[in-house]
Amino acid sequence: MKIRFLLDENLSPKLKFAVLRLNPAIDIVRVGDSDAPPLGTLDPELLRYLEVSERLLVTDNRKSMPGHLESHWGEGGHIWGVMWLRPGTTLGSWAEAIFLLWETTDSEEWIDKLDWIPF
């Protein structure tokens, strides 16, 4: 199954559009979109949404998310992956990395995995 993405609300809405320009078939939503959790959704609720919706989270939240992930896993929860963005990288590079992940991997490969966008 192809990866479905959720962009954290702290990321620019322009990232979603940059990804869709590379391939409009990519299933990508951003927190705050009508078909995604509302803006201000707390991390524990976001993790529950990710589990149910089978979406991989793309975020730059390296402060609070790791602790919430540990709690989520400790309660028996699962995720469909988290990708952390490297600071200082261009929006275009992030979009290309998301596109490459979508092209080259399946969602099942990301269950309970964490990684960095490679560039």
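Since we're looking at a predicted model, the values are computed, not measured.

Observations regarding the pattern of salt bridges
Item 1. One pass over the structure, following the stated rule, counts three salt bridges.
Item 2. As a salt-bridge pair, arginine 4 and aspartate 27 come within 3.3 Å of each other at their nearest N and O atoms. On the criterion of sequence distance, the pair formed by arginine 4 in strand β1 (residues 4-7) and aspartate 27 in strand β2 (residues 27-30) is long-range, its members being 23 residues apart.
Item 3. Exposure remark for arginine 4: the relative accessible area of 26% places this residue in the partly exposed category.
Item 4. Here lysine 16 ties to aspartate 33 by a salt bridge, and the two come within 2.7 Å at their closest N and O atoms. One end of the pair, lysine 16, is in helix α1 (residues 13-22); the other, aspartate 33, is in the loop between β2 and α2 (43-53), and 17 residues separate them in sequence.
Item 5. Taken together, the salt bridges that share partners define one network made up of Arg4, Asp27 and Arg55.

Remarks on α1
Item 1. Buried within α1 are the following residues: Leu15, Lys16, Ala18 and Val19. Here the buried residues of α1 occupy an arc of 165° about the axis, which is enough to place them on one side. Residues Lys14 and Arg21 are exposed on α1 and point more than 90 degrees away from its buried face.
Item 2. Its side-chain oxygen at 3.0 Å from the backbone nitrogen of lysine 14, serine 12 defines the N-terminal cap of α1.

Reading guide: rules and limits
- Residues numbered from 1 in each chain as written.
- Predicted model: local features only at pLDDT ≥ 70, side-chain atom pairs only at ≥ 80, totals over all residues.
- Heavy atoms only, no water.
- Salt bridge = Lys/Arg side-chain N within 4 Å of Asp/Glu carboxyl O.
- Helix = DSSP H or I, 4+ residues; strand = E, 2+ residues; numbered from the N terminus.
- Buried < 20%, exposed > 50% of the residue type's maximum accessible area, 1.4 Å probe, protein only.
- Arc of directions from axis to C-beta.
- Polar contact = N/O pair within 3.5 Å; in protein donor to acceptor, adjacent residues only side chain to side chain.

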